Amino acid sequence: MAETRARITTVDPVWNRLCQEAEAAIRDEPLLGGLVHSSILHHKSLKAALAYRLSLKLSSGEMSDQMLREIADEAYASDPSLADAARADVVAVFERDAACHRYLQPLLYFKGFQAVQAYRVGHWLWKEGRHDLAYFIQMRVSESFGVDIHPAARIGRGIMIDHAHSVVIGETAVVGDNVSMLHSVTLGGTGKEEEDRHPKIGDGVLIGAGAKVLGNIKVGSCSRIAAGSVVLHDVPEATTVAGVPAKIVGKAGCAQPSVTMDQLLPGGGDA
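Computed from a predicted model, the values in this text were never measured in an experiment. (Residues numbered from 1 in each chain as written. Predicted model: local features only at pLDDT ≥ 70, side-chain atom pairs only at ≥ 80, totals over all residues. Heavy atoms only, no water.)

Student: Teacher, can you tell me more about the side chain of H43 here?
Tutor: Note that H43 resides in the loop between α3 (33-41) and α4 (46-58). The buried category is assigned to H43, whose relative accessible area is 11%. With residues near it in sequence (within four places) discarded, H43 still touches W15, S38, A48, A49, Y52 and R69. (Helix = DSSP H or I, 4+ residues; strand = E, 2+ residues; numbered from the N terminus. Buried < 20%, exposed > 50% of the residue type's maximum accessible area, 1.4 Å probe, protein only. Contact = heavy atoms within 4.5 Å.)

In structure tokens, the structure reads:
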């Protein structure tokens, strides 16, 4: 009975599906066999595959992939929530990104997903007091993926960053669970103050492409920020804001904007 219970606790539906999709991908495109085997099928768990993939993407002449893999392995072994968050992120990307048709796509190809997983390792380092190494990870994520997330920022799970280019998330920013954002989003400060100076994004928020959310303000859960908006003041829950500066233009339009990805403004305009 004890052995059966141990087996049950190791079941990982996300990882099992990734392996099945990897095998199918090799059948469909044998030329990718080496990539798919080394990235997925050679590993026994999602955390091992993530450590391997991130180490290759972030390595440089300044730090080898072997050293980075050891750092990532240590992080995943120390904090199981990192892999749990990655599973939620995989599912989030699959469910919300119309261009994502398989679980393996984020792991192999999508820099938004990869950047968030690398940030999670950097955040673990930050919490461990290893700030210089965390800054190094931040630098390599920015150089490799075009995404700049301070390792001290706090980001929930079920995150989808679509396209991801030029996304900036500042040091004291907080992002809740099940948030979706598109490229060129900035969660930034408004000056040189060193205190709490970045936005606090609630659960289930959808942030459109190019939106700038600035200052120590709160964006309520299940709200929408229209593309290109500049948000300088608090946003109530379940509302839509748009414009420069952003103003309330209506309700959010649905219970979970970040999941439906509906970016149409009231009256038919784009969010």
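Student: Looking at this structure, how should I read the packing of aromatic side chains?
Tutor: For any pair of aromatic rings, the description consists of the separation of the ring centres together with the inter-plane angle of the planes. All chains considered together, the criterion is met by two aromatic pairs. Centroid distance W126 to Y135: 5.3 Å. Interplanar angle 85 degrees. Geometry classified as edge-to-face. Residue W126 is classed as buried on the basis of its relative accessible area of 16%. Using a relative accessible area of 36% as the deciding quantity, one classes Y135 as partly exposed. Against the face of F94 rests R17, its NZ or CZ located 4.6 Å from the ring centre. When the ring centre of Y103 is taken as reference, the NZ or CZ atom of R17 above it lies at 4.1 Å. (Phe/Tyr/Trp six-rings, centres within 6.5 Å; stacked < 30°, edge-to-face > 60°. Lys NZ or Arg CZ within 6 Å of the ring centre and 35° of its normal.)

Student: Can you help me understand unusual backbone geometry in this one?
Tutor: Both trends apply: most residues other than glycine have a negative phi, and most peptide bonds are in trans. Look at the link from V244 to P245: it is a cis peptide, with omega at -5 degrees. Tracing the backbone shows P245 in the loop between β14 (239-242) and β15 (247-251). For S184, which is not a glycine, the phi torsion comes out positive at approximately 65 degrees. For S184, the position within the fold is in the loop between β6 (180-181) and β7 (186-188). Judged by its relative accessible area of 22%, S184 is partly exposed. Positive phi, normally seen in glycine, also occurs at C222, with a value near 60 degrees. Relative to the helices and strands, C222 resides in the loop between β11 (218-219) and β12 (224-225).

Student: For this particular structure, what's the right way to read the pattern of salt bridges?
Tutor: Where side chains of opposite charge bring their charged atoms close, a pairing between them can arise. For the coordinates displayed, the defined rule picks out eight salt bridges. Across the pair R197 and E171 runs a salt bridge whose closest N-O atoms are separated by 2.8 Å. Taken together, the residues R197 in the loop between β7 and β8 (200-201) and E171 in the loop between β4 (167-169) and β5 (174-175) connect sequence positions 26 residues apart. On the accessibility criterion, R197 (15% relative accessible area) is buried. (Salt bridge = Lys/Arg side-chain N within 4 Å of Asp/Glu carboxyl O.)

Student: What should I look at first to understand empty space enclosed by the protein in this one?
Tutor: Empty space among the atoms becomes visible once a probe the size of a water molecule is rolled across them. Taken as a whole, this structure holds two cavities of 30 Å³ or more when the rule is applied. Volume-wise, the largest cavity comes out at about 70 Å³. Lining of the largest cavity is provided by L54, S55, L58, L68, I71, A72, A118, V121 and I137. Listed by contribution, the elements that provide at least two residues to the lining of the largest cavity are α4, α5 (65-78) and α8 (111-127). By residue class, the composition of the lining of the largest cavity is eight nonpolar, one polar and no charged. In this structure, the second largest cavity occupies an estimated 50 Å³ of space. Around the second largest cavity, the lining residues are Y119, G122, A134, I137, Q138, V141, V147, I149 and P151. Elements supplying a minimum of two residues to the lining of the second largest cavity: α8, α9 (131-145) and β1 (147-149). The element best represented in the lining of the second largest cavity is α9, accounting for four residues. (1 Å grid on protein atoms, 1.4 Å probe; cavity = no way out; pocket = protein on both sides within 12 Å on 5 of 7 lines; lining within 4 Å. Points joined across faces, edges and corners; volume = space filled by probe spheres on them. Nonpolar A, V, L, I, M, F, W, Y, C, P; charged D, E, K, R; others polar.)

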